[in-house]
Amino acid sequence: MELRLELFVKSLERSMEFYCDVLGFNAPKEIKSDYLSIRKGDVVLGLGKMEKLPDTHPLKVSRDDQQVGLGVEIVLKVEDVYEVYNHVVAKGYSIQSELTKQSWGMVDFRIVDPDGYYLRITSNN
């Protein structure tokens, strides 16, 4: 079994810039459709335009005050959380929760992507 996440976003360009430039996912040469797949290591994210979902789709956000990803925390385990943290800070991206050594022994920080998806970046060091 493999896990692939699909995130529905307002702007493919803005989301691609965040995931590729800030978090280091591969960048496709160009966007040719309303959907693109990006990868970093074993993590695959499908990015699709929210506006293309049918109105009856349970994930469709139709109002600006609706929150996407409610009840979901996306956890990305990396080899060196300090390196990723420093890269995110150097890019000027807002940190939701600073680097913290958790009681379970891992170190993490949290950010929110341009569409409001909550991400925890974590490692054993």
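All values derive from a computational prediction rather than experimental measurement.

**Quick notes on the nonpolar core**
Here's step 1: Judged by nonpolar contacts, the single largest core of 31 residues is most densely connected at Tyr19, Leu23 and Phe109.
Here's step 2: Contributing elements (two or more residues each) for this core: strand E1 (4-9), helix H1 (12-22), strand E2 (35-40), strand E3 (43-49), strand E4 (73-77), helix H2 (81-90), strand E6 (107-112) and strand E7 (118-123).
Here's step 3: Broken down by element, the residue count for this core peaks at six residues, all from H1.
Here's step 4: Not counting residues within four places of it along the chain, the set of residues in contact with Phe109 comprises Val81, Val84, Tyr85, Val88, Ile95, Ser97, Glu98, Leu99, Leu119, Arg120 and Ile121.

**Things to note about the confidence of the model for the protein chain**
Here's step 1: Of all residues in the protein chain, 100% attain a pLDDT of 70 or more, and the chain-wide mean is 93.
Here's step 2: Ranking the helices and strands of the protein chain by mean pLDDT puts E6 first, with 98, and E2 last, with 93.

**Topic: the pattern of salt bridges**
Here's step 1: One pass over the structure, following the stated rule, counts seven salt bridges.
Here's step 2: Where Lys91 meets Asp21, a salt bridge forms, and the shortest distance between an N and an O atom there is 2.9 Å. Here Lys91 is found in the loop between H2 and strand E5 (97-101), whereas its partner Asp21 is found in helix H1, with 70 residues between them in sequence.
Here's step 3: Across the pair Lys49 and Asp34 runs a salt bridge whose closest N-O atoms are separated by 3.6 Å. Of this pair, Lys49 sits in strand E3 while Asp34 sits in the loop between H1 and E2, and the two are 15 residues apart along the sequence.
Here's step 4: With relative accessibility at 22%, the residue Lys49 sits in the partly exposed group.
Here's step 5: Judged by relative accessible area, Asp34 falls into the partly exposed class, the value being 31%.
Here's step 6: Residues participating in the shared-partner salt-bridge network are Glu73, Asp108, Arg110 and Arg120.

**Describing the environment of Leu70**
Here's step 1: Its place among the elements puts Leu70 in the loop between E3 and E4.
Here's step 2: On the basis of relative accessible area, Leu70 is assigned to the exposed category, the value being 66%.
Here's step 3: Placed 14 residues apart in sequence, Leu70 and Thr56 show a C-alpha to C-alpha distance of 18 Å.

**Quick look at the sheet that holds E4**
Here's step 1: The strand order across the open sheet formed by four strands is E4-E7-E6-E5, and the pairing between neighbours is mixed. What marks the edges here is a single partner per strand, and that holds for E4 and E5. Ignoring which end each strand starts from, the neighbouring axes of this sheet average 20° apart.
Here's step 2: With five bridges joining them, E4 and E7 adopt parallel strand pairing. Bridge pairing in E7 places Lys77 opposite Thr122.
Here's step 3: Packed onto the sheet, H2 meets E5, E6 and E7 and runs at close to 30° relative to E6.

Rules and cut-offs
Residues numbered from 1 in each chain as written. Predicted model: local features only at pLDDT ≥ 70, side-chain atom pairs only at ≥ 80, totals over all residues. Heavy atoms only, no water. Core = buried A, V, L, I, M, F, W, Y, C linked by side-chain atoms within 4.5 Å. Buried < 20%, exposed > 50% of the residue type's maximum accessible area, 1.4 Å probe, protein only. Helix = DSSP H or I, 4+ residues; strand = E, 2+ residues; numbered from the N terminus. Contact = heavy atoms within 4.5 Å. pLDDT = per-residue confidence, 0-100. Salt bridge = Lys/Arg side-chain N within 4 Å of Asp/Glu carboxyl O. Pairing = 2+ DSSP bridges. Axes fitted to C-alpha atoms, helices over the stretch in contact; angles between N-to-C directions.

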